Amino acid sequence: MGTTITKQDSRSLYLNFTADGAGAFEAITIAPPIESRALAGCAVVFGATPPNALALTIDDADGIDLLSGAGASIAATKRITNSPPQVFSSGLTVTPTGNTTAGAIITVKLYFI
């Protein structure tokens, strides 16, 4: 199980998740500073070992899901766009849930403006 963060540039972050033996992904909190303060959307990319089910939330420090429930059921690689972009004032917690496939791999690409 593990999560790695790759900073692409001031407008994007890629979060690489690998599930543990029970299929659980580890939530990750991205602490400030994040150069941008509005989430334009994200892409969820399934890896070589895909999850059998997936839900995704991206919560701000107040526990508000910036995807507004759009990540509730993800069955394949998917792009989620926030219109308008969702403003936040501090860190974000990215939580993938619902999977039971051991070693499943996903990448969550966050896009900011």
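See the structure printed just above.
One structure accompanies this document, and this report is about it. (Residues numbered from 1 in each chain as written. Predicted model: local features only at pLDDT ≥ 70, side-chain atom pairs only at ≥ 80, totals over all residues. Heavy atoms only, no water.)

Further remarks concern the sheet that holds strand E4 (residues 38-46). Spatially, 5 strands are ordered E1-E2-E8-E4-E6 in an open sheet, and the strand pairing comes out antiparallel. Strands with a single pairing partner mark the edges of an open sheet, and in this sheet they are strand E1 (2-9) and strand E6 (78-87). When strand polarity is set aside, the average angle formed by the axes of neighbouring strands in this sheet is 15°. Sheet topology note: the E4/strand E8 (residues 105-112) ladder contains 7 bridges and is antiparallel. Following the sheet pairing, Phe46 is matched in E8 by Ile106. (Pairing = 2+ DSSP bridges. Helix = DSSP H or I, 4+ residues; strand = E, 2+ residues; numbered from the N terminus. Axes fitted to C-alpha atoms, helices over the stretch in contact; angles between N-to-C directions.)

What follows is about the pairing of E8. Pairing between strand E2 (residues 12-18) and E8: 7 bridges, direction antiparallel. Each residue of the ladder has a partner; that of Thr18, found in E8, is Ile105.

All right, on to the pairing of strand E5 (residues 55-59) then. Within E5, 4 of the 5 residues are buried, which leaves it mostly tucked inside the rest of the structure. Pairing of E5 with strand E7 (residues 92-97) involves 5 bridges; the strand directions are antiparallel. The partner of Leu56 across the bridge, within E7, is Pro96. (Buried < 20%, exposed > 50% of the residue type's maximum accessible area, 1.4 Å probe, protein only.)

So, about the sheet that holds E5. Strand order across the open sheet formed by 3 strands is E3-E7-E5, with antiparallel pairing between neighbours. The sheet is open, and its two edges are formed by strand E3 (28-30) and E5, each paired on a single side. Pairwise comparison of adjacent strand axes, ignoring direction, gives a mean angle of 15° for this sheet. Of the strand pairs in this sheet, E3 and E7 are connected by 3 bridges, and their pairing is antiparallel. Of the residues in E7, the one forming a bridge with Ile30 is Leu92.

On to the nonpolar core. Within the largest apolar cluster, 26 residues are counted, with the highest numbers of intra-cluster contacts made by Cys42, Leu56, Ile58, Val94, Val108 and Leu110. For this core, the secondary structure elements donating two or more residues are E2, E3, E4, E5, E7 and E8. Each residue touching Leu110, except ones within four places of it in the same chain, is listed here: Arg11, Ser12, Leu13, Leu15, Ile30, Leu39, Gly41, Cys42, Ile58 and Val94. (Core = buried A, V, L, I, M, F, W, Y, C linked by side-chain atoms within 4.5 Å. Contact = heavy atoms within 4.5 Å.)

So, on to the packing of aromatic side chains. The description of an aromatic ring pair rests on the distance of the ring centres and on the angle between the ring planes. Summed over all chains, the structure comprises 2 aromatic pairs. Relative to Phe25, the ring of Phe17 has its centre 6.3 Å away and its plane inclined at 80°; by these criteria the two rings are edge-to-face. (Phe/Tyr/Trp six-rings, centres within 6.5 Å; stacked < 30°, edge-to-face > 60°.)

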